[in-house]
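# Structural features, examined
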Amino acid sequence: MKTIINQVPNGPKPAGPYSLGVIAEGKFLFVSGQIPFNPSTGKVERGSIEEQTQLVLNNLKAVIEAAGGKLENVVNCRVYLQPFDAQTFPKMNEVYAKFWGANPPTRTTIGCQLLNCDVEMDCVVAL
């Protein structure tokens, strides 16, 4: 369903837990931006960057699975992070890397201004 591109002749190598490119076929699910909403409490949890990242990823997974998709078929992910700096980026990245495993999707991380949270993510999934 998807082919990972991580070796490019005379090109870059991934500098983190993301794939350079993903070739996908078929139908796609576009998942809206998810924030660190805790379904158990019914509230947005503004804990550490690591805690927020885990909640966001859990929410992405819930939407993907509800649509009949699988995590391993995510082809693209965008991460919105505030503040985007030398402290928050590696903390988010550590949780993100563990979540996706050996064949992560392509990714863009964007520093931005968010309301009531510090991490938001959206993604595209091949179904």
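You'll find the structure just up there.
We now turn to the structure provided with this report.

Conventions we followed
Residues numbered from 1 in each chain as written. Predicted model: local features only at pLDDT ≥ 70, side-chain atom pairs only at ≥ 80, totals over all residues. Heavy atoms only, no water. Core = buried A, V, L, I, M, F, W, Y, C linked by side-chain atoms within 4.5 Å. Buried < 20%, exposed > 50% of the residue type's maximum accessible area, 1.4 Å probe, protein only. Helix = DSSP H or I, 4+ residues; strand = E, 2+ residues; numbered from the N terminus. Salt bridge = Lys/Arg side-chain N within 4 Å of Asp/Glu carboxyl O. Patch = residues over 30% accessible without salt bridge, like charges linked within 9 Å, V, L, I, M, F, W, Y side chains within 5 Å. Areas by Shrake-Rupley, 256 points an atom, 1.4 Å probe, with all protein chains shown as cover. Pairing = 2+ DSSP bridges. Axes fitted to C-alpha atoms, helices over the stretch in contact; angles between N-to-C directions.

## Some points on the nonpolar core
Counting 21 residues, the largest nonpolar core has Leu57, Ile64, Tyr96, Trp100, Met121 and Cys123 as the members making the most contacts within it. Residue assignment for this core shows that the elements contributing at least two residues are strand S3 (28–34), helix H1 (49–66), strand S6 (74–81), helix H2 (88–100) and strand S8 (119–126).

## What to know about the pattern of salt bridges
Summed over the entire model, instances satisfying the criterion amount to three salt bridges. Among the ionic pairs, arginine 78 bridges to aspartate 122, the shortest N-O distance being 3.1 Å. Placement of arginine 78 in strand S6 and of aspartate 122 in strand S8 is noted, with a sequence separation of 44 residues between them. Of the charged contacts, one joins glutamate 94 and lysine 98 as a salt bridge, the two residues approaching to 3.5 Å between their closest N and O atoms. You can see glutamate 94 and its partner lysine 98 sitting in helix H2, four residues apart, about one turn around the helix. Given a relative accessible area of 48%, glutamate 94 falls into the partly exposed group.

## Comments concerning a nonpolar patch on the surface
Taken together, Ile5, Val8 and Ile23 make up a surface patch of nonpolar side chains, about 230 Å² in accessible area. Inspection of the secondary structure puts isoleucine 5 in strand S1 (residues 2–5).

## Notes on the sheet that holds S3
Spatially, four strands are ordered S3-S8-S6-S7 in an open sheet, and the strand pairing comes out mixed. At either margin of the open sheet sits one strand with a lone partner, and together these are S3 and strand S7 (106–111). Between one strand and the next, the sheet's axes are offset by a mean angle of 10°, whatever the strand orientation. Taken together, the seven bridges between S6 and S8 define a ladder with antiparallel strand orientation. Opposite asparagine 76, over in S8, you have valine 124 as the bridge partner.

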